[in-house]
Number of protein chains: 2
Amino acid sequence: MNVYLDNNATTIVAPQVFIEMEPYFVQKYGNPNSLHAYASDTHPGLKTAMEKIYAGINAPTEDSVVITACATESNNWVLKSIYFQQILNGDKDHIIVSEVEHPSVLSTVKFLENLGCKVTYLPINNEGIIEADNLSDMITDKTAIVSIMWANNETGAIFPIDEISQICKEKNVLFHTDATQAVGKIVVDLQSLNVDYLTFSAHKFHGPKGVGALYIKKGKELIPLLHGGAQMDGYRSGTLNVAAIVGMGKAMEMAAEAVESKKMDEVRRLRDEFEDNLLQIADTFVVTPREIRTPNTILISFRGVEGESMLWDLNRAGIAASTGSACASEDLESNPVMEAIGAEADLAHTAIRFSLSRYTTQEEIDYTLKAVNSAVLRLRGISSSYAYSPPESIDTGKENNGHR
Amino acid sequence: MNVYLDNNATTIVAPQVFIEMEPYFVQKYGNPNSLHAYASDTHPGLKTAMEKIYAGINAPTEDSVVITACATESNNWVLKSIYFQQILNGDKDHIIVSEVEHPSVLSTVKFLENLGCKVTYLPINNEGIIEADNLSDMITDKTAIVSIMWANNETGAIFPIDEISQICKEKNVLFHTDATQAVGKIVVDLQSLNVDYLTFSAHKFHGPKGVGALYIKKGKELIPLLHGGAQMDGYRSGTLNVAAIVGMGKAMEMAAEAVESKKMDEVRRLRDEFEDNLLQIADTFVVTPREIRTPNTILISFRGVEGESMLWDLNRAGIAASTGSACASEDLESNPVMEAIGAEADLAHTAIRFSLSRYTTQEEIDYTLKAVNSAVLRLRGISSSYAYSPPESIDTGKENNGHR
C-alpha cells in the first residue's frame, strides 16, 4: 500500500485540475499577449482562473494578486522590494520575522542582513506559537516590515495573524504573511484583515508546481519583480504560464470549497484520531495543541527514535512522511522548530511530520498507524540511548506494540 | 484553415513533450527534496532532463545550467546580479547592450540606470545587424558586462556572437547573451565559445511555458536569484517544477535533433520560398539578408499597409502572425527594430513578422501567401496614404493580386 502523508511538502495535482490544464499545452498554446485568435483563446481561461484565485482568499478587486513561480519567489520579492524601497532608498533599517519562518524568508533576511539591514527574530513559545504581545515592543520607528507566517510548515501551528496585523497597522508598519501553509487548509479572508502582502503557492493545495502568487494591498505597491514586457501589471514580466495559472485557479476553487464544506473537517477528524492513537505509544510528544493547528498536520516525537530511521522504515512500508520542511530535508539536521522550542537535542532529532490531505483515507491512516507502531518498536529495540523496550517484547502483543 | 506563424512569440508544446510531462502531475507528484519514494520517483526524470539540456547547448558539465521560470527571469537575474556584485559593491559602473535587445534586457538596464548605472546602447546597422567593431571602442575599464542577444526576436538577425565574445574575453569583460531565439533554431555550442552567461527558454522550442534557464560558466558565479531551500545549487530556491523541467529536457532533445538533422533545413526552405513569393508583391521590404537570419523568421514591410490592419485580415483568415515581440504587442507601437534601423515612421508601422516552426506545412504557407496577397490588395485599396492600386483592380486577376 502506498500512503502519501507529506502534503505540507507538496500535494498531488487534483485530477480535475489537470483536466483543466491539459488543453493549454498542445491546443490553446498561444501567447496571451499576442494579437490573434491563438492568444484570445487563452483569455477566458485566464480570466476565470484569476477570479477564482481572488475569490479563494476573498481579495478586494482593487488589490493586486500577482502570479509568481512559487512561494519562495513571492517571499523573496516582497522582502527585497521593501529593502530597496524603504531601507536602501529610505530611512528604515529594520525587519522583524519569526524565528521559525520558512527558509525562503530566513535566508532572504540573512542576505539583507549582509547588506546592512537589521533583523529581529520573534521567538515562539513552548507550544510553538508566536505571542503577539512580544511583537509590539520590537517595532521601532526604523522598522520597515514585519513578516510572520500564517501557519507553520513543520507543526501546523496557526499564528495570531489577526492580532499581529492589528499591531502592525497601529504602529504603521507594513505586514507580510507567508500563508503558504494556510491557504487551502483554513479560511483566509483578506477583507477581514489588515494584511499588506500575502504569499501562497498552488502546489500546496493540489495545484501544479511552478506557480504561486503574491497578494499586494492597494497603495502598498512594490517595485517590479521582473522587468520586461510588463505582464502582470508590470510587476512580473515574462510570458504568462497559462496552463499553470488555469490550474491554480481550479485548485483554489476546489480548496476553498473543501474549507467551506465538511471536507476539511473530515481531514481534521482523521488527523485527530490518528494522533490520539499515536499518542498512546509511550514517550511520545506533540508540541502544539491541535486546536491551534492546521487540520492536516502532526509533528510528533518518539523518544529514542531517530527521525531519519523512522522515515526509512515508513518508506519501506510505502508511506511518505517527513522530518520537517522539504526545503531543508536534504540537510539531515534536527528539526528547526523543535530547536526553537528549546527541545533537548536528542528529542529534536526524533520529530516526524505527518501531513494529510483531503485525499487521505481511513484505510491509509489505519495502515500507517500499524507501520509506525512496528517502526517504533524496532527502532527503540536497537537504540543505544533508549532503554525502553527489551528486544523480547517485540514478538508479543503485535496489536499493542508500544501502547503503555 | 488555422495557421500558426507566430513561433517567435511562443510555440505549440510538442505532443511527445507533453507525453513525457504528463506523469508528473497526478502520479509522480513528490517534492524532489523529500526523503521518500515519491521524491526519488522524480529523480531519474530530472536527471535525464538536465543531461538533455546540457547536451542541447553542449555545455561543459563543470558549468551550471540553472533552471528558471523564463527567459525574462534569466535576463533580469544576470544583469541585477552583476549590478550587485560589480557596480553597487564593486568599482564598475557601466553596462553595454544592443539597442534591439528584448524588453526584459532593456527594461532591466533602464531600472539599473535609475540606480546610477551607466548604459551604452550598441546600434544596429541598416541590415539590422550589430557590428562587433563598434563594441571594442565602447568597452572601458568601468564596463561590468556586455549583454547582446544571439538572434533578434523581430528580424531573426543572428548577431556575431563569436566575434563579440572574443572581444569581451580580450577586454576581460563579462559577456551575457540572450539566446532565447537561437536555441532550438541554430547550433548553440558552448564548448566553442567564450560565453559567460546564456539565457534560453523552453516555450520557444516546443517546450512548456513557465520554464527557462541561465547557463553560468564555472568561475563566473552570480548571487542567488531566490534565497531559500537552496535548490538548484543554492542559485534558485523553490520547489522544483518537475513536469516543466522534464518537458524542457525532452523539447531540447527534439530541437537539437531538428537542428542537426534536415528538419530545420526544411523550415528554411519553406521560409525562403514564402519570402520569395511575398517579395513579388510591389513595394515590399525585408531588412536583414536571409543568410544571417534564423531559418524560421521573416520581418517584412508592405508599404501602405498598417501592421495591425494586416494582422486583423490574417486573423480573420485563421492565420496568426505578429507585428513584433509579443512582450510589446499590446502597445500597438511601431516595430522597435524598424525604428532602430531608421526606417521612415510609416514604414516602421507596416512591419509584419512571420515565424515558422518545424510543424509548419507547405499547405499552410500556400494558404497564407494567398491571404497576404488579398490583404495587401484590400488594405492598399482603402489606404489614404498609399496611391498604388486603384479599387477597380481588386476584382481582377485574383491569383496575381499585387504581383507586379
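Up top you'll find the structure we're talking about.
Values in this document were obtained by computation on a predicted structure and should not be read as measured data.

Rules of the game
- Sequence order sets the numbering: in each chain, residues are counted from 1 along the sequence as written.
- Whichever chain is written first is A, and whichever ligand is written first is 1; the rest continue in order.
- The model is predicted, so local features are restricted to residues of pLDDT at least 70 and side-chain atom pairs to those at 80 or more, both for listing and for counting; the totals for chains, interfaces and linings are taken over all residues.
- Side-chain metrics in this entry use all non-hydrogen atoms of the structure; hydrogen atoms and water are not considered.
- Strands here mean DSSP runs of E at least two residues long; helices mean DSSP runs of H or I at least four residues long; both are numbered from the N terminus.
- For a compact globule the rule gives 2.2 Å times the number of residues to the power 0.38, and the radius of gyration it is set against comes from C-alpha atoms.
- Here, residues are in contact when the closest pair of their heavy atoms is within 4.5 Å.
- In short, Shrake-Rupley with a 1.4 Å probe defines the accessible areas, and a residue's cover is counted only from the protein chains shown.
- A residue counts as positive if it is Lys or Arg and as negative if it is Asp or Glu; His and the chain ends are not included.
- Where a charge lies is defined by one atom per residue type: Lys uses NZ, Arg uses CZ, Asp uses CG and Glu uses CD.
- We treat two strands as partners when DSSP finds at least two bridges between them.
- Under this scheme, a helix contributes an axis fitted over its contacting stretch, all axes are lines through C-alpha atoms, and angles between N-to-C directions fall in the 0 to 180 degree range.
- Summed over both partners, the accessible area (1.4 Å probe) lost when two parts come together is defined as the buried area.
- Any Lys or Arg side-chain nitrogen located within 4 Å of an Asp or Glu carboxyl oxygen qualifies as a salt bridge.
- Whenever two N or O atoms come within 3.5 Å, that pair is a polar contact, provided that in protein one can donate a hydrogen and the other can accept it, and provided that, for residues adjacent in sequence, both atoms are side-chain atoms.
- Partly exposed residues are those whose accessible area sits between 20% and 50% of the maximum for their type, while under 20% is buried and over 50% is exposed, using a 1.4 Å probe and protein chains only.
- By the criterion used throughout, a crossover qualifies as right-handed when its path from the first strand across the helix to the second strand runs clockwise, the strands pointing away from the viewer.
- Pairing of aromatic side chains here covers Phe, Tyr and the six-membered ring of Trp, requires ring centres within 6.5 Å, and sorts the geometry by plane angle: under 30 degrees stacked, over 60 edge-to-face, intermediate tilted.

Caption draft 1: Focus on the overall build of chain A. Regarding its fold elements, chain A presents 14 helices and twelve strands. A compact globule built from 404 residues should have a C-alpha radius of gyration of about 22 Å, and chain A, at 22 Å, falls within 12% of that. Taken along the three principal axes of its C-alpha coordinates, chain A extends 75 × 55 × 35 Å. In chain A, of all internal contacts separated by at least 6 residues, the share reaching a separation of at least 24 is 72%. Of the accessible surface of chain A, which amounts to about 14600 Å², a share of 49% is contributed by carbon and sulfur atoms. Here chain A contributes 34 positively and 53 negatively charged side chains, and the mean placements of these two sets differ by 3 Å.

Caption draft 2: Expanded view of the sheet that holds strand 9 (residues 284–286) of chain B. Residues and elements named next belong to chain B. An order of 9-10-12 is seen for the three strands of this open sheet, with the pairing classed as antiparallel. Strands with a single pairing partner mark the edges of an open sheet, and in this sheet they are strand 9 and strand 12 (351–355). For this sheet, the mean angle separating the axes of adjacent strands, direction not counted, is 30 degrees. Pairing geometry for strand 9 and strand 10 (residues 297–302), over three bridges, is antiparallel.

Caption draft 3: Inspection of the interface of chain A and chain B at higher detail. Listed by partner, the interface residues are 68 residues for chain A and 68 residues for chain B. Of the roughly 5600 Å² buried between chain A and chain B, counting both surfaces, carbon and sulfur atoms make up 64%. One can count two salt bridges joining chain A with chain B. Across the pair Glu73(A) and Arg236(B) runs a salt bridge, and its minimum N-O distance is 3.6 Å. Linking chain A to chain B there are 22 residue pairs in polar contact (both at pLDDT 80 or more). The set of elements that each furnish at least two residues to the side of chain A that touches chain B consists of strand 1 (3–4), helix 1 (15–21), helix 2 (23–26), helix 3 (37–40), helix 5 (71–88), helix 6 (103–114) and helix 11 (307–316) of chain A.

Caption draft 4: Just the pairing of strand 6 (residues 174–178) of chain B, in detail. Residues and elements named next belong to chain B. Within strand 6, five of the five residues are buried, leaving the element largely enclosed by the surrounding structure. Side chains Leu-174, His-176 and Asp-178 of strand 6 all project onto a buried face; the interleaved residues Phe-175 and Thr-177 project onto the opposite face, where all are buried too. In the sheet, strand 5 (residues 143–147) pairs with strand 6 via three bridges, with the strands oriented parallel. Each bridged residue has a counterpart across the sheet, and for Val-146 the counterpart in strand 6 is Phe-175. With helix 8 (residues 161–171) bridging strand 5 and the parallel strand 6, this β-α-β connection has right-handed handedness. Two elements, strand 6 and strand 7 (residues 197–201), share three bridges in a ladder whose sense is parallel. Across the sheet, the residue bridging to Asp-178 is Thr-199, located in strand 7.

Caption draft 5: Representation of the pairing of strand 5 of chain B within the structure. Residue and element names in this part refer to chain B. Within strand 5, five of the five residues are buried, which leaves the element mostly enclosed by the surrounding structure. Of the strand pairs in this sheet, strand 3 (residues 94–98) and strand 5 are connected by four bridges, and their pairing is parallel. Pairing of His-94 across the sheet is with Thr-143, part of strand 5.

Caption draft 6: Looking closely at the packing of aromatic side chains. The full count for this structure, using the stated rule, is 19 aromatic pairs over all chains. Measuring from centroid to centroid gives 4.9 Å for Tyr29(A) and Tyr4(B), while their planes differ by 80 degrees, and the two rings are edge-to-face. Of this pair, Tyr29(A) sits in the loop between helix 2 and helix 3 while Tyr4(B) sits in strand 1 (residues 3–4), each in a different chain. The same class applies to Tyr29(A) as to Tyr4(B), namely buried. Aromatic rings pair up to connect Tyr83(A), Phe84(A), Phe111(A), Tyr83(B), Phe84(B) and Phe111(B) into one cluster.

Caption draft 7: Region of interest: unusual backbone geometry. Residues and elements named next belong to chain A. The phi dihedral of Asp-283 is positive, around 55 degrees, even though this residue is not glycine. For Asp-283, the location among the structural elements is in the loop between helix 10 (263–278) and strand 9 (284–286). For Asp-283, a relative accessible area of 36% gives the class partly exposed.

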